[in-house]
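Spelled out from the first residue to the last, the chains are:
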Amino acid sequence: MKLTHKLMLAMILPALLIWVVGIYAARVADRSLREAIETTAALRAQSVVDEVDRAVRNRAADWQAFVRTSQVRETLAAANRELAARDNPAGVVQDADDAWRRVPAGERSPFMQQLMSNPLAKDIIARQAALRDAAGYEVFPEVFLTNRYGGNVAQSNRTSDYRQDDEEWWQRAVANGLFIDEISRDDSAGVYSVDICVRMDDETGALAGVLKAVLNIREVFEIVDAHAPADAETRLMLFSGDRRLIREGRVEGDPLQVSGTLFDGVELDTTNRTITVEHRDAATGRRFLRAFAMTSRTRDAADLDWVVLAEYDADRVFAPIVQLRRDTHVVFLGATLIVVVLAGGLAWSLLRRLGRLTFAVDELAKGNLTASVEVEGRDELARLGRGFNRMARELEQANRALVVERDRAEAANEAKSRFLANMSHEIRTPMNGVIGMADLLEHTTLNTEQHDFLGIIQQSAQSLLQILNEILDLSKIEAGKLELELIPFCLRDCVGRAAQTLTMRAAAKDLELACRIAPSIPDRLIGDPTRLRQIILNLAGNAIKFTHDGEVVIDVDLGKIDAEEMELRVEVRDTGIGIPRDKQAVIFEAFSQADTSTTRQYGGTGLGLAISAQLVQMMDGTIGLESEPGKGTTFRFTARLGVSHEPVPDTRAGLAALRHLPVLVVDDNQTNRDIMEAILDHWSLRPTVVSGADSAETALQHAAAEGEPFRLVLLDGMMPGRDGFDLAQAILDDPSVPRPRMIMVSSAAQASDAQRCREVGIDRYLTKPVVHSDLSEAIIDVMGVVSARGRAAGEDADGETNGRGRLRILLAEDGLVNQKVAVVLLGKLGHDVTVVDNGKRALEAVDAEPFDLVLMDMQMPIMDGLEATRQIRERERSTGRHLPIVAMTAAAMKGDRERCLDAGMDAYLSKPFQQREVVAVLESFVTGPV
């Protein structure tokens, strides 16, 4: 090849390579710059529309707060009562409207003057004046309120009509709660305005009236003008929902004109609020870059779908791209005329700068807000780099602001947690004194009136403790700090004991409380029995509260089951007052109730169902209800629980000797009969169920005549006509019937029932709803069969008591009332108590003399219980001795138990505590009964 050809080839190949690289670089720069320009335009339009939206909604929120004031509520209530007392309220309003219209324009009748001078109207006018003084113009030219019939109640100036309920804005406000109307213009005053219409409800949730406030949107104009560019080639426009021009920033024009073709091909909705399009004018050939942004439409302000349009001259905006292409071509053309090295150097420099920009864009897309471009020179790439850096800094500043707000929210949440912890401690401490002293007082000699007073004190204290626990549970749930235990437990005992705690409440209202557990459900499950019991108590307690007669039934059934897990299905049915359909959707929300009026008959915080719903969700279940006012309510929930594979003690071993035992069940309630029959069938006994005393006597006589007399009778205590005691006496007095064993199962336990049972000859007395294990033990006992539990009890009774006698207990407690409660309680249990009031003295007492147990408060002056425990444990390292230490504290928040155990304490007892809880704790650390 000739040298000329090689030189030509050496020049052409680098030139071609340079052109290829240049074309690629130009396209990358074009795309990157175009995306940056379009994003900036969209962000500017979005920021303006968000500020406009926020301004209008803030004004609406002010009036929503105003209508909840007592003055507005009382004024509307009085006006509605006055009209409701009339024979035809609507006619009265219409007559007043006719008279209103006859008053000449510009004049005011005495009635009009009254509506403009009453206290509420004066308050409205004062608010208008304050806003006018602050803004320098009439922010709300007109404000007035109507009653539920559409008639005016108070107004800032004369309205054209008195009756408003036939107006669309009035009807839209009643339907939606809040209605922000489309923009309108007062040609005489040259004022543009929107109507803010707010519905007002009374305490029962019924319509009380409607407020209408006419908002001068001058503030919106100022926002648009403030953000409008100063150059004439860029326009910033605000359009209404029907695409009419509201305002063009810094340009005097004809507002409310139709947008024409500006919105052709533009589809904005709630999921696509911003669009950037490029448009070419067919007539002039000019190109425009248009960025559209729409307000966040909501149901209560459906017509507030204004659109901000930022329009730019595309040739001017994209000039850097065109200039970049032109400069690139010039450079490449020159590169072909100079040496290959120089051309290659220029190409490399360009690619390096474009690579930095592309890398920075990619880093920004990944979330690295500190990404920046190293700017070199003053060409288009430098302008692009500076623009990118400016955008990145703005995004970083916005992100820092969000981080600050997040930190503030976390600090506020932490402050709330500290407040709840302090509140819990401060309330539980005096409550320990109240409940403790009440329990001690209960074991003293009291007359009937004093005993009733004491019952009220105990009930009120327990109600207050329940409210406190519900608030703490809700706080734990909201903070995500509530955790479920996973421990084996007996489902039948858990549900049965829970139901039995409600027996007295049901009996006080003469209600039947029944509990049915499907025999197919495994007896031992794995889960959180305390939280499951809490859900059942909340639902059943609510059912009893809202039921006046009839029954409340807890029905537990089996859903899907496999080797490791099962679905539990629980229903709580009642025959109470029911729940209106429109209230059913909110009763599972915190602090919500079906009746929130001040005249409601039923108390409560409204937290029980909300907490139950959250606990069900944590158990991977669902909760719902069916209800009809006047006919009752059925709550249903499911829960996923594990199946325990541990060996189950055969608590019914004694029943094997009683297979096919003929048993007579007497109960006037069909639900109770069905439940008892299912239980006895599952135990392989032979039940016969009847509904009353007469039927029972007939069945007993017939069975005796057939030679198969009933050996066991289960009696209901409360039956119409002849109750269980009368039937028991009749059975004993009937010589034709062999005397059976009798067990009374009653839902209305009285103090004298046990004595009456002994007098009549009834062998055992149980309370409904009966716990399966209690019923099986009772049957085994009265039929003379010794169960495993009975053998253990007998051996213990026949053997030595193995008692420890008096214990030496150190009580570290700084509260005088709590000291007295603990000293009296422990003294009644037969123990010696030494009292100190801080941790330092507790250390001195432990060094001075031996103790069997220490009850240690957490929070004490000088030295708290945690530090005292740590020092005791540290000293025990050299002695090898371990002194049991039990935390006895009002700190009941999440983590308090763990803090005590981590400090070296052996157990945790939260205030307020009761005698049985103290006995249980002592028994867990002391050999023999305490």
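Residue indices follow the written sequence of each chain, beginning from 1 at its first position. In keeping with the model being predicted, local features are shown solely for residues with a pLDDT of at least 70 and side-chain atom pairs are shown and tallied solely at 80 or more, while totals for entire chains, interfaces and linings include all residues. The side-chain values count all of the structure's non-hydrogen atoms but skip hydrogen atoms and water molecules.

This brings us to the sheet that holds strand β23 (residues 764–767). Reading across from one edge, β20-β19-β21-β22-β23 is the order of the five strands in this open sheet, with parallel pairing throughout. Of all the strands in the sheet, the pair left with one neighbour each is β20 (686–690) and β23. In this sheet, adjacent strand axes meet at a mean angle of 20° when their direction is disregarded. Across four bridges, strand β19 (residues 662–666) lies against strand β21 (residues 712–716) in parallel orientation. For two strands to be treated as a pair, DSSP must find at least two bridges joining them. The way it works is that DSSP assigns letters per residue, a run of H or I at least four long becomes a helix, a run of E at least two long becomes a strand, and they are numbered from the N terminus. All axes are obtained by fitting lines to C-alpha atoms, using only the stretch in contact for helices, and the reported angles, taken between N-to-C directions, cover 0 to 180 degrees.

This next bit is on the nonpolar core. Counting residues in each nonpolar core, the largest one holds 66 residues, and the members touching the most others are W63, L211, I217 and W306. Among the elements that take part in this core, helix α1 (residues 3–66) stands out by supplying twelve residues, more than any other. The residues touching L211, leaving out its near neighbours within four places in the chain, are W63, F66, V67, V143, F144, L145, I196, C197, V198 and M200. Residues belong to one nonpolar core when they are buried, are Ala, Val, Leu, Ile, Met, Phe, Trp, Tyr or Cys, and are joined through side-chain atoms within 4.5 Å. When accessible area is computed with a 1.4 Å probe and restricted to protein chains, residues below 20% of their type maximum are described as buried, those above 50% as exposed, and intermediate ones as partly exposed. In what follows, a contact means two residues having at least one pair of non-hydrogen atoms within 4.5 Å.

Okay, the packing of helix α4 (residues 110–117) against helix α5 (residues 119–135) next. Relative orientation of the contacting elements α4 and α5 amounts to 60°, with a least axis distance of 5 Å. Considering their axes alone, α4 and α5 lie oblique with respect to each other. Within the contact between the two elements, α4 uses L115, M116 and S117 and α5 uses P119, A121, K122 and I125. Here roughly perpendicular refers to angles of 65 to 115 degrees, roughly parallel to angles under 35, roughly antiparallel to angles over 145, and oblique to all remaining angles.

Turning to the packing of helix α18 (residues 693–705) against helix α19 (residues 724–733), a few remarks are in order. As a packed pair, α18 and α19 sit with axes 10 Å apart at the nearest point and diverge in direction by 25°. When the axes of α18 and α19 are compared, the pair comes out roughly parallel. Crossing geometry of α18 relative to α19 is assigned as right-handed. Residues A693, A696, E697 and L700 of α18 pack against L727, A730 and I731 of α19. Take the far helix as your reference; a near helix turned counterclockwise from it by less than a right angle gives a left-handed crossing, and one turned clockwise gives a right-handed crossing.

Another point: empty space enclosed by the protein. Put simply, the grid is 1 Å and covers the protein atoms alone, a cavity is a trapped set of points that fit a 1.4 Å probe, a pocket is an open set with protein on both sides within 12 Å along at least five of seven lines, and lining residues have an atom within 4 Å of a point. Grid points are joined across faces, edges and corners, and a volume is the space filled by probe spheres set on the points. A full pass over the atoms with the stated rule returns six cavities of 30 Å³ or more. Counted as a void, the largest cavity has a volume near 170 Å³. Looking at the largest cavity, it is lined by 18 residues, and the ones nearest its centre are N672, M676, V745, K768 and V770. Residue assignment for the lining of the largest cavity shows that the elements contributing at least two residues are β13 (512–517), β19, α17 (670–682) and β21. For the lining of the largest cavity, the class distribution of residues is 13 nonpolar, two polar and three charged. Note on residue classes: Ala, Val, Leu, Ile, Met, Phe, Trp, Tyr, Cys and Pro are nonpolar, Asp, Glu, Lys and Arg are charged, and everything else, Gly too, is polar.

Our focus in this paragraph is the sheet that holds strand β9 (residues 274–280). Consider a sheet: its strands pair through backbone hydrogen bonds, and that pairing is either parallel or antiparallel. Overall, antiparallel pairing links the five strands, which are arranged β8-β7-β11-β10-β9 in an open sheet. The open sheet has two edge strands with one neighbour each: β8 (245–248) and β9. Across the sheet, the mean angle from the axis of one strand to that of its neighbour is 20°, orientation sign disregarded. Relative to strand β11 (residues 307–313), strand β10 (residues 287–294) runs antiparallel, the two being bridged by seven bridges. Counted as the bridge partner of A293 is V308 from β11. On the sheet, helix α7 (residues 218–227) packs against β7 (235–239) and β8 and is oriented at approximately 45° with respect to β8.

Let's shift gears to the layout of surface pockets. Computed from the structure, the second largest pocket encloses a volume of approximately 920 Å³. Lining the second largest pocket are 27 residues; nearest its centre among them are A36, I37, T40, R44 and R390. Only α1, α8 (314–317) and α11 (380–442) provide two or more residues apiece to the lining of the second largest pocket. Residue contributions to the lining of the second largest pocket peak at twelve residues, all from α11. When grouped by side-chain class, the residues that make up the lining of the second largest pocket number 15 nonpolar, four polar and eight charged.

This part is about the pairing of β13. For β13, the tally of buried residues reaches five of six residues, placing the bulk of the element in the interior. Alignment of β13 against strand β15 (residues 551–561), held across six bridges, turns out to be parallel. If you follow L513 over to β15, its bridge partner there is V552.

In a structure, side chains of opposite charge can pair up when their charged atoms sit close to one another. Note on definitions: salt bridges are taken to be side-chain nitrogens of Lys or Arg within 4 Å of carboxyl oxygens of Asp or Glu. Applying the stated criterion across every chain yields a total of 41 salt bridges. The partner of R101 in a salt bridge is D97, and the shortest N-O contact between them spans 2.9 Å. With R101 and D97 both in helix α3 (residues 89–102) and four residues apart, the pair spans about one turn of that helix. Judged by relative accessible area, R101 falls into the partly exposed class, the value being 48%. A salt bridge links E867 to R870, with the shortest nitrogen-to-oxygen separation between them at 3.5 Å. Of this pair, E867 and R870 both sit in helix α25 (residues 865–879), separated by three residues, roughly a single helical turn.

Let us look at the pairing of strand β18 (residues 632–643). Among the twelve residues in β18, ten count as buried, and that is most of the element. By the bridge criterion, nine bridges tie strand β16 (residues 565–574) to β18 in an arrangement that is antiparallel. Looking at β18, one finds that M566 is bridged to L641. Sheet topology note: the strand β17 (residues 623–628)/β18 ladder contains six bridges and is antiparallel. Following the sheet pairing, E628 is matched in β18 by G632.

This part is about the packing of aromatic side chains. Pairing of aromatic rings covers Phe, Tyr and the six-membered ring of Trp, with a centre-to-centre limit of 6.5 Å; geometry is then stacked below 30 degrees between planes, edge-to-face above 60, and tilted otherwise. Following the criterion strictly, the structure yields seven aromatic pairs and no others. For the ring pair W63 and F66, a centre distance of 5.4 Å and an interplane angle of 90° mean the geometry is edge-to-face. With a gap of three residues between them, W63 and F66 both fall in helix α1, about one helical turn apart. The pair W63 / F66 is uniform in exposure class, with both members buried. Ring pairing ties together the aromatic residues W63, F66 and F140, which thus form one cluster. Any Lys NZ or Arg CZ found within 6 Å of a ring centre and within 35 degrees of that ring's normal is scored as a charge over the ring. Lying across the ring of W63, R127 places its NZ or CZ 5.0 Å from the centre. Just above the ring of F851 sits the side chain of R808; from NZ or CZ to the centre is 5.5 Å.

In an α-helix, one full turn covers 3.6 residues, which means residues spaced three or four apart are oriented alike. Spanning 15 residues, α25 covers 21 Å between terminal C-alpha atoms, matching the ideal 21 Å at 1.5 Å per step. What α25 keeps buried is the set G865, L866, A868, T869, I872, R873 and E876. Buried residues in α25, looked at end-on, bunch into an arc of 155°, giving them a common side. For α25, exposure combined with an orientation more than 90 degrees from the buried face picks out R877 and S878. On its buried face, α25 sits against α24 (839–848), β26 (853–856), β27 (885–889) and α26 (896–903). In protein, a polar contact means a hydrogen-donor-capable atom and an acceptor-capable atom, both N or O and within 3.5 Å, with residues adjacent in sequence counting only if both atoms are side-chain atoms; elsewhere, any N or O pair within 3.5 Å suffices. Two or three places before L866, at the start of α25, stands the capping residue D864, its side-chain oxygen 3.2 Å from that residue's backbone nitrogen. Where α25 ends, the next residue or the one after it, G880, has phi of about 80°, a positive value. Multiply 1.5 Å by the residue count of a helix minus one, and that product is the helix's expected span. Here, the arc refers to the directions that run from the helix axis to the C-beta atoms.

Further remarks concern helix α15 (residues 529–545). End to end, α15 covers 24 Å across 17 residues, agreeing with the expected 24 Å (1.5 Å per residue, within 8%). Burial runs high along α15: 13 of the 17 residues are buried. Sitting at the head of α15, D528 places a side-chain oxygen 3.2 Å from the backbone nitrogen of T530.

Okay, the environment of E74 next. With respect to the element layout, E74 can be found in helix α2 (residues 70–84). Spatially, the C-alpha atom of E74 lies 9.4 Å from that of D202, the residues being 128 residues apart in sequence.

Note that S193 resides in strand β5 (residues 191–201). If we ignore the near neighbours within four places in the chain, the residues touching S193 are E182, I183, S184, V214, L215, N216 and I217.

Mean pLDDT over the protein chain works out to 80, with 81% of the residues at or above the 70 mark. As a per-residue measure, pLDDT tells how confident the predictor is, with possible values from 0 to 100. Per-residue pLDDT stays below 50 along residues 594–604; that stretch engages in 17 contacts with residues further than four places along the chain or on separate chains. Note on residues 787–804: pLDDT under 50 across the span, and 15 contacts to partners over four residues away in sequence or across chains.

Okay, the side chain of R673 next. Note on placement: R673 falls in helix α17. Neither His nor the chain termini are counted; the positive set is Lys and Arg, and the negative set is Asp and Glu. For the buried R673, which has no salt bridge, the nearest side chain bearing the opposite charge is D667, at an N-O separation of 5.6 Å. At a separation of 2.7 Å, a polar atom in the side chain of R673 contacts the main-chain carbonyl oxygen of D667. In contact with R673, other than residues within four places in its own chain, are D667, D668, V689, V690 and S691.

With a phi angle near 55°, D510 is a residue other than glycine that sits in the positive phi range. The residue D510 is located in the loop between α14 (503–508) and β13 in this model. The class for D510 is exposed, based on a relative accessible area of 65%. In the Ramachandran plot, S684 falls in the positive-phi region, its phi being about 65° despite a non-glycine side chain. Mapping S684 onto the fold places it in the loop between α17 and β20.

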